Amino acid sequence: MESVNKKKIKKVFYVQRRICIVGLDGVGINNLSSLLNSVLNYLAGITNKSYLSKYVSIPPYTPVAWTDILSGVNPAKHGIFGFKSVQKRNGTFIGVRTNTALNVMYPRIFEMFAINNLKSIVINVPLTYPPDAIIKHRHMIIVSDWSSPRQFIYPLKYEIKYKDWLVDPPFDWSSVDNKRDYADAITLYLSKRLEIYLDFLEERDFNLFVIIFSEPDWLMHAIPEIVLGHDINLVYKPFSLIDKFIKKATQICDLTVIVSDHGFEIARTALSINGILLEKGLTKIKYNINLNALFKSFLRVHTLGDTFSSLNLSNNSTFNLTPKLFNIIVRLYNKLKILPFIKLKKLLPISYELDYLNSKVIMPEVISWSIYTLKGYEKVTLNILRNSKLSKYIRNIIYTRKLFRGPYLNKGPNLIVIPEKSVEFTFFPHSEPLHVFMGHHEPYALMMLYGDQVLPTRRQEINEINIHDIVPTLLAYSGLPIPNDTDGKVIENIFTIGVYNRTKKRLNYSQSFRILRKLQRLKFR
């Protein structure tokens, strides 16, 4: 009779224990205090009752970091090194391909819960399109992330129900002219979306709820002053809506986990790695310039637009621009400091793209800090960057194979280049650094745990963990098997005595994942 009661207790634990993971994109450990003191009032009130920790996220890039956090393994195991995958053929670069859920090669925590027949709600998590590629997705409700080709909710019945609230995300912060209007657009978007999120939180059965708020990242890019604690009034409404959701999550869930993928700091220098490599002939760029648009941009800058409004060159007045001439134009703008960097890029009617076929070395996603080289050019590239007159802007250059290990290492970059503090890497292919004032990613992220069984961090103490520790810790808390090949470990001394005694079992989730993925592909052929 006693053994029967134990089984019943275990079953009740699975059904009733609830975890909510709330991702605050871009809110690092160094950004937390200013936001707690201004716009995250509820979160500020529970901080002293929470376990607070920090970790390093390299590269501090959305698709890589969130996949690291939610899988518990490094990119060489999960296969994601950016939003794009670099394609090679016969020893030559041929282009890039956009990643989808099909390119994630290791189960994320909601798939691990599904393998254990537990239910999840997954909202705005990168690389969840198409939902059919998610293992055992019938155990989930999935709301698309902002980068999805289309906004959707799986199952379809919920998309139909909430179609009026499934508005398109205003993620294009680079085109913002009026900061207040953009903050208001974010507020309107969040107000509508929260109708969906809170309904799922309050009305649906789940064991795991995963939601990522991308809005903090967009706002700190668009309004970099808030990184310094200024102009907080502009973003009070959207942040207070997020704070409201966190409050509701702590009331409904047994454990609430606040995590981030990276932090933010102010960049004052923009450096182009592609520009350095361009000068050495390793990277090739295709340029085009629209003469008519260039002349009009010059007039607008000097407020002479009305005087010359009747002047019009052909819209087809374009020609190929040499790298040397391009650098002369950029050097002139940089010297005169006429405009902020982002406005300069918008005004210069120059299109440029990597010439993959003729390049030996490329940096296609500069925010990922990642350099790809053809065979034989890895060490050459390393030496060029280390010996460059601009090397003072580079903190470190690391071989990727020294950072990551796993079966998909060959899909990733050859080198990771870490910038100095306040230095932003830019795709803008100039050979000299630019003066800028912009928000950019830095690698110091945070994790905060709040719940009845959480042991609060000592006053003024911030613990250090590994980015991959989050998944095994939450699985252990839930009484579920831990992956046998995880890159993380269960964090000790953060829960009351006995929480980790529920299971010591290990499971080969990656093997189950591969089998289920093959079965899914056979089904949808």
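Residues numbered from 1 in each chain as written. Predicted model: local features only at pLDDT ≥ 70, side-chain atom pairs only at ≥ 80, totals over all residues. Heavy atoms only, no water.

(A) Broad picture of the environment of Arg506. Looking at where Arg506 falls in the secondary structure, it is placed in strand 23 (residues 506-507). On the accessibility criterion, Arg506 (48% relative accessible area) is partly exposed. With 22 residues separating them along the chain, Arg506 and Asn484 place their C-alpha atoms 5.4 Å apart. Once residues within four sequence positions are removed from consideration, Arg506 is found in contact with Pro481, Ile482, Pro483, Asn484 and Thr486. Only 3.2 Å separates the side chain of Arg506 from the backbone oxygen of Pro483, close enough to count as a polar contact. (Helix = DSSP H or I, 4+ residues; strand = E, 2+ residues; numbered from the N terminus. Buried < 20%, exposed > 50% of the residue type's maximum accessible area, 1.4 Å probe, protein only. Contact = heavy atoms within 4.5 Å. Polar contact = N/O pair within 3.5 Å; in protein donor to acceptor, adjacent residues only side chain to side chain.)

(B) The arrangement of unusual backbone geometry in detail. That bond from Ile58 to Pro59 is cis: its omega, -5 degrees, falls within 30 degrees of zero. One can find Pro59 in the loop between strand 2 (51-56) and helix 4 (62-71). With omega at 0 degrees, the peptide bond leading from Tyr154 into Pro155 counts as cis. Relative to the assigned elements, Pro155 resides in the loop between strand 7 (153-154) and helix 7 (156-161).

(C) Highlighting the environment of Asn493. Considering the arrangement of structural elements, one finds Asn493 in the loop between strand 22 (482-483) and strand 23. Sequence separation between Asn493 and Val454 is 39 residues, and the spatial gap between their C-alpha atoms is 9.0 Å.

(D) Geometry of helix 17 (residues 470-478). The buried count for helix 17 comes to 9 of 9 residues, which makes it a mostly enclosed element. Within the sequence span of helix 17, burial applies to Ile470, Val471, Pro472, Thr473, Leu474, Leu475, Ala476, Tyr477 and Ser478. Of the residues one or two after helix 17, Gly479 is the one with positive phi, at around 80 degrees.

(E) Quick look at the nonpolar core. Within the largest apolar cluster, 59 residues are counted, with the highest numbers of intra-cluster contacts made by Phe200, Phe209, Phe213 and Phe245. If one sorts the elements of this core by residue count, helix 8 (residues 179-203) sits on top with 11 residues. With residues up to four places along the chain from it excluded, the contact list for Phe200 reads Ile121, Ile123, Ile141, Val143, Ile153, Tyr158, Tyr162, Phe206 and Phe209. Ala101, Ala114, Ile134 and Tyr509 belong to the second-largest nonpolar core, a separate cluster that totals 47 residues. (Core = buried A, V, L, I, M, F, W, Y, C linked by side-chain atoms within 4.5 Å.)

(F) Up close: the packing of aromatic side chains. Inspection of the entire model under this criterion finds 15 aromatic pairs. Aromatic side chains Tyr158 and Phe200 sit 5.4 Å apart centroid to centroid with 85 degrees between the ring planes, which places their arrangement in the edge-to-face category. Within this pair, whereas Tyr158 is found in helix 7, its partner Phe200 is found in helix 8, the two being separated by 42 residues in sequence. A relative accessible area of 0% places Phe200 in the buried class. Here the aromatic rings of Phe209 and Phe245 are separated by 5.9 Å at their centres, their planes lie at 45 degrees, and the arrangement is tilted. (Phe/Tyr/Trp six-rings, centres within 6.5 Å; stacked < 30°, edge-to-face > 60°.)

(G) The layout of surface pockets, seen in detail. One number sums up the size of the largest pocket: a volume of about 1,200 Å³. Along the walls of the largest pocket sit 44 residues, with Tyr61, Phe83, Trp146, Trp173 and Ile367 positioned nearest its centre. Those elements giving two or more residues to the lining of the largest pocket turn out to be strand 4 (92-98), helix 9 (215-222), helix 14 (341-347), strand 18 (423-425) and strand 19 (434-442). Residue composition of the lining of the largest pocket, grouped by class: 22 nonpolar, 13 polar and 9 charged. (1 Å grid on protein atoms, 1.4 Å probe; cavity = no way out; pocket = protein on both sides within 12 Å on 5 of 7 lines; lining within 4 Å. Points joined across faces, edges and corners; volume = space filled by probe spheres on them. Nonpolar A, V, L, I, M, F, W, Y, C, P; charged D, E, K, R; others polar.)

(H) Seen up close, the side chain of Thr457. Position of Thr457 among the secondary structure elements: in the loop between strand 20 (444-451) and strand 21 (463-464). We classify Thr457 as buried; its relative accessible area is 14%. Polar side-chain contacts of Thr457 include one of 2.6 Å to the backbone nitrogen of Leu52. Once residues lying within four places of it in the same chain are set aside, the contact partners of Thr457 are Ser50, Tyr51, Leu52, Ile462 and Asn463.

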